[in-house]
Amino acid sequence: MLSSPDLSFSRTLPIVVFNQLGELLEQMAQTVGSAALVLTEAVLVRIYIPVEWQRQRFTLVVSEQFSVLLVGTFEQGSRETEGEEIYSEINAQLTFNLEAIATFISELRDLFECDSYTHQNLERYQQIIRPNNATLQSQFTLLLLEYLLIQPNQEIIASPSPVGPAVYICQPVEDALKKQISQERLLNQVTTQIRKSLDLPVIMATAITQVREFLELDRLVIYKFAGSQVNTQPYQSETIPFNETALTTGMELSVKEPAEIYCSIHENNDRHSSFISANDQPLLGDCQKYGGYIVYESRATNAISSVLNYTEENCFIRTSQCWEKYRQGFTLAVDDVEKTYALEECLLNFLRECQVRAKFAAPIMFEDKLWGLLIAHHCDEPHQWNDSEKNLLVAIAEQLAIAIHQAELMQTLTQEKQNLEQRVIERTMALRDALLAAEAASRIRSEFLATISHELLTPLTYVIGMSSTLLRWPLGELSQRQRGYLQTIHDSGEHLLAMINDILDLSQIEAGKTALNISEFSLVNVAENAVKSLRKKATSEQINLILDLQIDPRRDRFTADAKRVEQILLNLLTNAIKFTPESGSVTLRLWVEDDTAIFQVEDTGIGIPEEQLPLLFEKFQQLDTPYRRRYEGTGLGLALTKQLIELHRGRIEVESTVSIGSIFTVWIPTQAVRVVS
C-alpha cells in the first residue's frame, strides 16, 4: 500500500510531530546515500521570497530511487519566535506524488535567478525523479513506525509530584532581563567610545572584540567594499598585527588591495561572495566594483582559522544582486550552511574549509551608501540566530556606520584643510610675484614719467613760449595767415601741456607721491579766480557763466590746498562748458556747512544717461554723446578731479537728466595745518 506513487495525506499536525517527520525524512535520505538531495526552508534565507513562502516550512528529499515532500503551512498571522512556537499546530502535507514533487521543485527553482547554481541544480534534480523503489518505501514505513509508535519497553515518566521541590518560574524572565541589560550596556559602551574618539581603527577593533566575547561567537569580522572612501589603515602588501592585543586574541588587519586579494579577472577569483553571498556572485565585469576585503577579524582562539588573505578557486556565476539587497537593509542569517547551501557545492566546500557552519551578516551603511558588512561566524556547530543576537549585531553595525561617517567627515575636513593651506601658499606666492611685478611696473612707469617730463615738457615749453613771442610781433612783420598758424601752434601746445600735466598729476597721486600744501585761503577768491579764468572761453562759446556765492563773509577763510581746490573747480567748470550748448548757462555755487566747503557746478547741458554714470570718473573714459567728436580729450579730467577730492578726504556726487543738465556737488572738509600725503 505504501508503495503507491500517488499516496499522500494532508492534515493538521502538532508542530512537534511535524519536526519529527522532517528529521525522519533527513534520516531516510542518509539511508539512500550521497545521491539524495535534502532541502529545507533554510535554502530560502538568502533571498527575498513571496509572502506565501514566508509562512511555509518544508523538507524535500529527491533521488532516483526515493523522493518525498513534506510541506507545512502556518495559519495566517502565525509565526515562530526564537524556537518557541506561538502556534503549536501546522497544516501539513506529506506526498510521494511525482508530479506534485516536480511542481514544487519548479516553483522553488523559479525563486532563484536563472543563471545561478541553485536554479541549475534544481532543474537537474527535477529531471531525475523516478517512482520510489519499493524496498526503500518499505524501509521508510518501518522507520516511520519505529520512530512514532510507543515502544513496549518504553518507560512511562510519572508527572512531577505537586509536593516536589518548587521551581522559580520567574527565573527565565529574570535571565532574559539580565541579558538585555548586559546587551544595552555593551551597546552603550560602543556608542560612548564612538562619541569620544575619532580613531576609527581603535573603535572597530575594540567593538568587534567586545561583541564577539559577549555573544560567544567563534569569529567576528568587518568587511569593507573596495569603493568605500574611508581608509581604516594604510594599505600595504602583507597582513600585519594590529597591536599586542591583536596578537593574543587573533585579531588582525588585512591591508592588501582588494584587487590583489579578492578579484583577479584573469583567474576569476572572488572572495567576497564566500562570506556574504545572499544569492550568487557579481558579474565578472563588476569585480572591481563589488570586490572588497576584510579589514578586521576577531577570533575566539587561534585554533579557528583566519579568513584574511584567502582566495578560493573560481566556482561562482557572477550574476548577483545581493549588494542592492544589503543596501536596502537586508540581513542574512544562516543557521546551518549545510542546509542553506546544499545546492552550492563549491561554496559549501569553501565554507567548510574556512570553518563556517553558521553566519550572520548585517550591512554597515550611512547616507544610503553601503560601506561594508559586519559578519558573525559559528565555526563548528549550527546556530539558530535569535532576535536578541540579530538586534545587537544590527545595532553595532549602525554604530560603526556612525563612526565611519565621522571618520569620513574628519578625513574630508583634513583634506580640505590641506587643500586650503596649499591654495593659500600658492596664492601668497602669486601675490608676491604680482607685487614684485607691480613694483617693477611702478619703477618703469616712474622712469617713463621722468623721461616724459624732460623730453616732452621742455621742448613743449619752448614751442609755447616762442609761439607766444611771435604772436606779439607787429602785424606788418607777420601776415594774417602766419598769425593764424602761430595761434594754432600755441593753442595746441597749451592743450597738449594740459593733457601731459593731467597725466603726470594722476600718476603721482596713484603712486602716493602727491602732497597737499595746506594753508589758509579765501574760498571766494578761489571761486572768483576759477570763473575769471574761464570767462573768456564761456563767452566765446556763448554760454552764460554765473558765480553764486552763498557764503557768510565771516566763514570765508578755509584751510586746504588752495591750488588743488582751484584745479578741481576749473576741471568741473571746463567740463560743464564743454558739454553745454550755445545760449546755455553754467553756475558755480559756494557755501559752507559746519567745517565743510561745498561747491556745486550746475549746467544746462546735454545731460548724462543713467547707465553711463558709473563710467563718469573712470580713467580714459569719455561718454558717448553727440559732442564727443566736437570736444576731443583723454577723459582724465573728472578722474583726476575725483582723486584730488578724495585726497582731501572729500566726496563728489552727480545728478543728471538727459537734455536738461547736470549738477556736480563737491564736499571738501577743512584740513589740519600740515602737509598731508
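Coordinates for the structure precede this section.
Residues numbered from 1 in each chain as written. Predicted model: local features only at pLDDT ≥ 70, side-chain atom pairs only at ≥ 80, totals over all residues. Heavy atoms only, no water.

In this structure, Leu523, Leu572, Leu573, Val586, Phe599 and Phe664 are the most contacted members of the largest nonpolar core, which totals 42 residues. Counting only elements with at least two residues in this core, the list comes to α16 (480-510), α17 (523-540), β19 (557-560), α18 (562-578), β20 (585-593), β21 (596-603), α19 (637-647) and β23 (661-669). In terms of residue count, the dominant contributor to this core is α17 (eight residues). Contacts of Val586, omitting those with residues within four sequence positions, involve Ile543, Asn544, Leu545, Ile546, Leu573, Ala576, Ile577, Thr580, Val601, Glu602 and Asp603. In terms of nonpolar packing, the next biggest core, distinct from the first, is built from 36 residues, Met204, Val211, Ile222 and Ala407 among them. (Core = buried A, V, L, I, M, F, W, Y, C linked by side-chain atoms within 4.5 Å. Buried < 20%, exposed > 50% of the residue type's maximum accessible area, 1.4 Å probe, protein only. Helix = DSSP H or I, 4+ residues; strand = E, 2+ residues; numbered from the N terminus. Contact = heavy atoms within 4.5 Å.)

The strand order β18-β20-β21-β23-β22 describes an open sheet built from five strands, whose pairing is mixed. If you trace the sheet from one side to the other, it starts and ends with β18 (544-549) and β22 (651-657), each paired once. Ignoring which end each strand starts from, the neighbouring axes of this sheet average 15° apart. Running over the sheet, α18 touches β18, β20, β21, β22 and β23 and is turned about 15° from β21. (Pairing = 2+ DSSP bridges. Axes fitted to C-alpha atoms, helices over the stretch in contact; angles between N-to-C directions.)

Let us now look at the environment of Asn544. Tracing the sequence through the fold places Asn544 in strand β18. Note on Asn544: relative accessible area 44%, which makes it partly exposed. Sequence separation between Asn544 and Gly584 is 40 residues; the distance between their C-alpha atoms is 6.3 Å. Residue contacts for Asn544: discarding those within four places in its chain leaves Gly584, Ser585 and Val586.

A sheet is described by the order of its strands in space; here five strands give the open sequence β1-β7-β4-β3-β2, paired in antiparallel fashion. Of all strands in the sheet, those with a lone pairing partner are β1 (8-14) and β2 (37-40), marking the two edges. When the angles between neighbouring strand axes are averaged without regard to direction, this sheet yields 10°. Bridging between strand β4 (residues 68-73) and strand β7 (residues 89-95) involves five bridges; their strand directions are antiparallel. By the bridge assignment for β7, Thr73 is matched with Asn91.

So, about the packing of α17 against α18. Axis separation between α17 and α18 bottoms out at 9 Å; the angle between their running directions is 35°. Regarding α17 and α18, the two cross each other, and that crossing is right-handed. Contacts between α17 and α18 involve Val526, Ala527, Asn529, Ala530, Val531, Ser533, Leu534, Lys537 and Ala538 from the first element and Ala562, Val565, Glu566, Leu569, Leu570, Leu573, Thr574 and Ile577 from the second. Along the lines of polarity and charge, the residues of the contact of α17 with α18 split into 12 nonpolar, three polar and two charged. (Left-handed = near helix turned anticlockwise from the far one by under 90°. Nonpolar A, V, L, I, M, F, W, Y, C, P; charged D, E, K, R; others polar.)

Under the definition given, this model contains zero disulfides. Free of any disulfide, Cys354 has its nearest cysteine sulfur in Cys379, 9.5 Å distant. The exposure class of Cys354 is buried, given its relative accessible area of 4%. (Disulfide = S-S within 2.5 Å.)

This part takes up α19. Every α-helix winds through 3.6 residues per turn, so residues three or four apart in the chain are directed the same way. All buried positions along α19 are accounted for by Leu638, Ala639, Leu640, Thr641, Leu644, Ile645 and Leu647. Here the buried face of α19 lies against α16, α18, β22 and β23.

This next bit is on the pairing of strand β8 (residues 219-225). In terms of burial, β8 is largely enclosed, as seven of its seven residues are buried. Because side chains alternate across β8, one face comprises the buried residues Arg219, Val221, Tyr223 and Phe225, and the other comprises Leu220, Ile222 and Lys224, equally buried. Note: β8 against strand β13 (residues 292-299), seven bridges, orientation antiparallel. Directly across from Val221, in β13, lies its bridge partner Glu297. As paired strands, β8 and strand β16 (residues 369-378) are joined by six bridges and run antiparallel to one another. Directly across from Ile222, in β16, lies its bridge partner Leu374.

Inspection of the secondary structure puts Leu69 in strand β4. In this structure the C-alpha to C-alpha distance between Leu69 and Leu39, which are 30 residues apart in sequence, comes to 9.7 Å. Not counting the four nearest positions on each side in its chain, Leu69 is found in contact with Thr59, Leu60, Gln93, Leu94, Thr95, Ile101 and Phe104.

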